[in-house]
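# Structural overview
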Amino acid sequence: MNKLKNKVAIITGANSGIGLATAKLYLQEGAKVVLAGRRKEALEKVAETLEGDFITVVADVSIPDNNSNLIKVATDTYGKIDILFLNAGIAPVIPITDITETHYDEIFNINVKGPILATKEALPHINDGGTILFTSSIVNQKGFDGLGVYSASKGALRSFARVLTSEVKSRGIRVNSIAPGPIDTPIYGKMGLPQDVIEEMGKGFAGQVPLGRFGTSEEIAKTALFLASDDASYINGIELEVDGGLSQI
Ligand code: NAD
């Protein structure tokens, strides 16, 4: 119950899905948690369900000032940071023939620029020996129709994490990425697709997974706990697939 006792963790995209499940688990394990999200009302609603030492901060990760403010509020409240979990992301679906500049900018601003700028802002405040986690995706290893820009964004994040791993090595900061497979979260309802198409897509994904099902946010949260804790003290620079085996076959 105390794997993260007194550790200070920032989680982006913490009011939903994987981020929320991780915030709950980190709090249970004794961490002080800064839950960051884009929507004030969603954060307030979620705050009512949580127990432990936490604050919520409204921050749109695609806006540079919001990232610096997030780090400022977090450090003003709790001091130095031990765990930075850059998890917020979007996955709108568009075939390559229909890609627009707006689609590209939206995905890259949230999925790539956001985590990169948040990392830069946070680095001076992360304790030596701390840890940075990114939510990547197995889409950077496989090709799923309609996810061209999304896949490219997660590939960019993976590459960034490799350089970061090297640049922070003198401080003993571990950098790892989690690559979920299909996980049952609200993200599918935000893809801009009709419900019947989402359901068909879901069946298609589940059928391809060797374990034959979607994963849960809690299964990713457990991975985010493992990678952030001392149990993973010699794990650094990796991308860990949590996908029921989908990326391996
Ligand atoms: P979700 O929609 O439940 O959560 C995404 C979170 O990111 C939400 O809290 C949302 O408000 C937040 N967010 C979106 N845009 C933001 C912005 N501009 N500023 C701040 N926050 C913003 O979905 P999820 O599945 O929990 O997604 C979490 C991460 O997991 C994402 O990076 C996603 O790409 C990744 N992922 C999900 C799956 C899956 O199948 N669910 C698979 C692979 C990777």
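The preceding data block contains the structure.
A short tour of the structure in this document, coming up. (Residues numbered from 1 in each chain as written. Predicted model: local features only at pLDDT ≥ 70, side-chain atom pairs only at ≥ 80, totals over all residues. Heavy atoms only, no water.)

## Side note on the pattern of salt bridges
To keep things clear, this is the line we draw: One speaks of a salt bridge when a side-chain nitrogen belonging to Lys or Arg is within 4 Å of a carboxyl oxygen belonging to Asp or Glu. Only DSSP runs of H or I covering at least 4 residues are called helices, and only runs of E covering at least 2 are called strands; the numbering of each starts at the N terminus. Buried, partly exposed and exposed residues are distinguished by accessible area as a fraction of the type maximum, computed with a 1.4 Å probe on protein chains only: under 20%, between the cut-offs, and over 50%, respectively.
Tallied over the entire structure, the rule returns six salt bridges. Residues Lys72 and Asp76 are paired through a salt bridge, measuring 2.6 Å at the closest nitrogen-oxygen approach. With Lys72 and Asp76 both in helix H3 (residues 64-78) and four residues apart, the pair spans about one turn of that helix. Owing to a relative accessible area of 49%, Lys72 belongs among the partly exposed residues under this scheme.

## Some points on the side chain of Thr165
Defined as follows: For the purposes of these results, a polar contact is taken to be a pair of N or O atoms within 3.5 Å, where, inside protein, one atom must be able to donate a hydrogen and its partner to accept one; residues adjacent in sequence count only when each atom of the pair is a side-chain atom. We call two residues in contact whenever any of their non-hydrogen atoms come within 4.5 Å of each other.
Summarising the element assignment, Thr165 is placed in helix H5 (residues 148-167). Engagement of the side chain of Thr165 in a polar contact is seen with the backbone oxygen of Ala161, the distance being 2.6 Å. For Thr165, the contacting residues outside a window of four places in its chain are Val175, Asn236 and Gly237.

## Looking at the packing of helix H1 (residues 17-28) against helix H7 (residues 217-228)
Which entries qualify depends on this criterion: Axes here mean lines fitted to C-alpha atoms, for a helix over just the part in contact, with angles spanning 0 to 180 degrees between N-to-C directions. To sort the angles, those under 35 degrees are grouped as roughly parallel, those over 145 as roughly antiparallel, those from 65 to 115 as roughly perpendicular, and the leftovers as oblique. What makes a crossing left-handed is the near helix being turned counterclockwise from the far one by less than a right angle; a clockwise turn instead makes it right-handed. Here the term charged refers only to Asp, Glu, Lys and Arg, the term nonpolar to Ala, Val, Leu, Ile, Met, Phe, Trp, Tyr, Cys and Pro, and the term polar to all other amino acids, Gly among them.
In contact at an axis separation of 8 Å, H1 and H7 are set at 55 degrees when each is read in the N-to-C sense. By the criterion of interaxial angle, the relationship of H1 to H7 is oblique. Handedness of the crossing formed by H1 with H7: right-handed. Between H1 and H7, the contacting residues are Gly17, Ile18, Ala21, Thr22, Leu25 and Tyr26 on the first element and Ser217, Glu218, Ile220, Ala221, Lys222, Ala224, Leu225 and Ala228 on the second. Of the residues assigned to the contact of H1 with H7, the class counts are nine nonpolar, three polar and two charged.

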